[in-house]
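# Commentary on secondary and tertiary structure
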Amino acid sequence: MLTAVVFTGNTGFTEKYANWVANQLKCDLFRLEDVTAEDLKKYPLVVFGGWVKGGYIQGLQELQGKVRGKYIVFAVGALPKRDGDAARFKEKNGLQDIPTFYFEGGLRWYRLTEGQKAALLMYKETLQSFDYRKLSANERFFLNNIGRTFDHSSLDGVSELTDFLESERGQKLTAD
Ligand SMILES: Cc1cc2nc3c(=O)[nH]c(=O)nc-3n(C[C@H](O)[C@H](O)[C@H](O)COP(=O)(O)O)c2cc1C
C-alpha cells in the first residue's frame, strides 16, 4: 500500500523517528508544514508523527485537515514510556479509534525557544512547590529533567509500529 510519513517537530527527535519509520517502510517522507492535501491524495495510508507539548500531539489538527484516507499516529515526547499511559494519551488527543504509538525522544534544552524554556521552568517551579512524595512518576521526571539535555531515542521502538502495519495487512512491508 502506498504510504507517506508526515511529521512535525521542534528540536529534531520527531524528525529522526520519521526518518527511521520512512526508511523501514521504504516510503515517502514529508514535513507537515510543506505537504498539501493534494499531495497526500494518492496515499491510502499516512503515518503521522508529532511532538508532544503539555500532553497534546502537535500538528494533529493540521494533519487531519489534510488527510482524507486512513492514518495512524506516533507521538514523540520526553517522558519515559509507561504501561497504561497509552489509553489516557489517546483519549486526551481524541484518537480512540486511531492506532497510536509513543516513542521516547528526549530534551534538547539549547534548541528550545525562550518562550518554551520559560513555560517549562514555570512548570518546574510549580512542581517544586508540591510535596515530592505526592508527585506522579511523570511529574517527578519533569521536575528532575527540565533544564537538561538528553537523548532517549532508540530505533528499537519503531518496530512496534512497523510490525503493526505488517500484521494488519498480512504482508511484509518493511525493508529487510
Ligand atoms: C513547552 C513544552 C512542553 C512539553 N510537554 C511535554 C509533555 O507533555 N510530554 C512529554 O513527554 N514531553 C513534553 N515535552 C518534551 C518534548 O515533547 C520532547 O522534547 C520531544 O522529544 C520533542 O520532540 P522534537 O525534537 O521533535 O521537537 C515538552 C516540551 C516543551 C518545550
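Calculation rules
- Residues numbered from 1 in each chain as written.
- Predicted model: local features only at pLDDT ≥ 70, side-chain atom pairs only at ≥ 80, totals over all residues.
- Domains from an automatic or database assignment.
- Contact = placed C-beta atoms within 7 Å.
- Nonpolar A, V, L, I, M, F, W, Y, C, P; charged D, E, K, R; others polar.
- Helix = DSSP H or I, 4+ residues; strand = E, 2+ residues; numbered from the N terminus.
- Expected span 1.5 Å × (residues − 1).
- Buried ≥ 20, exposed ≤ 12 C-beta atoms within 10 Å, placed from the backbone.
- Near = placed C-beta within 6 Å.
- Axes fitted to C-alpha atoms, helices over the stretch in contact; angles between N-to-C directions.
- Parallel < 35°, antiparallel > 145°, perpendicular 65-115°, else oblique.
- Left-handed = near helix turned anticlockwise from the far one by under 90°.

## Focus on the domain arrangement of the protein
- Split by domain assignment, the protein resolves into domain 1 (3-108 + 151-169) and domain 2 (109-148).
- Inter-centroid distance (C-alpha atoms) of domain 1 to domain 2 is 25 Å.
- Contact with domain 1, which involves seven residues of that partner, is made by nine residues of domain 2.
- Grouping the amino acids of the side of domain 1 that touches domain 2 by side-chain chemistry returns four nonpolar, one polar and two charged.

## As for helix α1 (residues 13-25)
- Here α1 is 13 residues long and its end C-alpha atoms lie 18 Å apart, about the 18 Å a rise of 1.5 Å per residue gives.
- Of all the residues in α1, the buried ones are F13, T14, Y17, A18, W20, V21, A22 and L25.
- Immediately beyond the C-terminal end of α1, within one or two residues, lies K26, with a positive phi of roughly 50°.

## Quick notes on the site of the ligand
- G9, N10, T14, G77 and G105 are the nearest of the 22 residues found near the ligand.
- Classifying every residue of the shell around the ligand by side-chain character gives ten nonpolar, eleven polar and one charged.
- The residues that make up the shell around the ligand include at least three from each of domain 1 (3-108 + 151-169) and domain 2 (109-148).

## What about the packing of α1 against helix α7 (residues 158-169)?
- Across the interface, α1 lies against α7 with an axial gap of 10 Å and an inter-helix angle of 40°. With respect to each other, α1 and α7 are oriented oblique. The interaxial crossing formed by α1 with α7 has right-handed handedness. Packed against α1, whose contacting residues are Y17, W20, V21, Q24 and L25, the element α7 presents V158, L161 and T162 at the interface.

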